[in-house]
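The lines below spell out each chain.
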Amino acid sequence: MIETDEVIHSPNRLQICAYLSWVEQAEFAVLRDMLGVADSVASKHLTVLREAGYVSTTKSDGLGRPRTWVRLTDHGRAAYIRHVDALQQIIGTPPPR
């Protein structure tokens, strides 16, 4: 049986993981803008991913406004790869006759 990851499967969380899989880290605002959602919606999705151990967040204390940085954890990267593999298996499976 092919199992997808229900935490990652949500379209917004899948987009977050896909983006983070290509970069070392990303600022919260970049992820929010990429998704085209409000701060609260992006924050909710990141909370789900963080509670699953898939992302970690840090806040910068530099000059100007504080910034939140998000990175994919090793656990999150492995889960994302398994999820993508499962989706590829689903797509590659011929429909029942």
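Use the structure listed above.
Residues numbered from 1 in each chain as written. Predicted model: local features only at pLDDT ≥ 70, side-chain atom pairs only at ≥ 80, totals over all residues. Heavy atoms only, no water.

1. Observations regarding the pattern of salt bridges
(1) Moving on: Counted by the stated rule, this structure contains five salt bridges.
(2) Moving on: With a closest N to O distance of 3.8 Å, Glu24 and Arg71 form a salt bridge. In this pair, Glu24 is assigned in the loop between α2 (11-20) and β1 (26-27) and Arg71 in strand β3 (residues 67-72), connecting sequence segments 47 residues apart.
(3) Moving on: We classify Arg71 as partly exposed; its relative accessible area is 31%. (Salt bridge = Lys/Arg side-chain N within 4 Å of Asp/Glu carboxyl O. Helix = DSSP H or I, 4+ residues; strand = E, 2+ residues; numbered from the N terminus. Buried < 20%, exposed > 50% of the residue type's maximum accessible area, 1.4 Å probe, protein only.)

2. Some details on the pairing of β3
(1) Moving on: Covered by surrounding structure in β3 are Thr68, Val70 and Leu72 only, the residues Arg67, Trp69 and Arg71 on the alternate face being uncovered.
(2) Moving on: Sheet topology places β1 next to β3; two bridges connect them, and they run antiparallel. Within β3, the position partnered with Ala26 by the bridge is Val70. (Pairing = 2+ DSSP bridges.)

3. Comments concerning helix α5 (residues 74-92)
(1) Moving on: With 19 residues, α5 extends 27 Å from end C-alpha to end C-alpha; this agrees with the ideal 27 Å at 1.5 Å per step.
(2) Moving on: Along α5, the residues that are buried comprise Gly76, Ala79, Tyr80, His83 and Ala86. One side of α5 holds all its buried residues, which, seen down the axis, span an arc of 125 degrees. Seen from the buried face of α5, the exposed residues on the opposite side, beyond 90 degrees, are Asp74, Arg82, Gln88 and Gly92.
(3) Moving on: Where α5 is buried, its residues meet α1 (6-9), α2 and β3. (Expected span 1.5 Å × (residues − 1). Arc of directions from axis to C-beta. Contact = heavy atoms within 4.5 Å.)

4. Some details on the sheet that holds strand β2 (residues 55-60)
(1) Moving on: An order of β1-β3-β2 is seen for the three strands of this open sheet, with the pairing classed as antiparallel. Every interior strand has two partners, whereas the edge strands, β1 and β2, have only one.
(2) Moving on: As paired elements, β2 and β3 share six bridges and run antiparallel to each other. Counted as the bridge partner of Thr58 is Trp69 from β3.

5. Some remarks on the packing of α2 against helix α4 (residues 39-51)
(1) Moving on: Contact geometry for α2 and α4: axes closest at 10 Å, N-to-C directions at 75 degrees. In terms of orientation, α2 and α4 fall into the roughly perpendicular class. Only Val41, His45, Leu46, Val48 and Leu49 of α4 make contact with α2, whose side of the interface consists of Asn12, Arg13, Ile16 and Cys17.
(2) Moving on: Tallied by class, the residues present in the contact of α2 with α4 amount to six nonpolar, two polar and one charged. (Axes fitted to C-alpha atoms, helices over the stretch in contact; angles between N-to-C directions. Parallel < 35°, antiparallel > 145°, perpendicular 65-115°, else oblique. Nonpolar A, V, L, I, M, F, W, Y, C, P; charged D, E, K, R; others polar.)

6. Side note on the nonpolar core
A general feature of soluble globular proteins is that nonpolar side chains tend to end up buried together.
(1) Moving on: Counting residues in hydrophobic clusters, the biggest one holds 17 residues, and the most contacted among them are Ile16, Leu20, Leu31, Leu46 and Leu49.
(2) Moving on: Within the residue set of this core, elements represented by two or more residues are α2, α3 (28-35), α4, β3 and α5.
(3) Moving on: Beyond its immediate sequence surroundings of up to four residues, Leu46 is in contact with Ile16, Phe28, Leu31, Val55 and Val70. (Core = buried A, V, L, I, M, F, W, Y, C linked by side-chain atoms within 4.5 Å.)

Shape descriptors only; they carry no functional weight alone.
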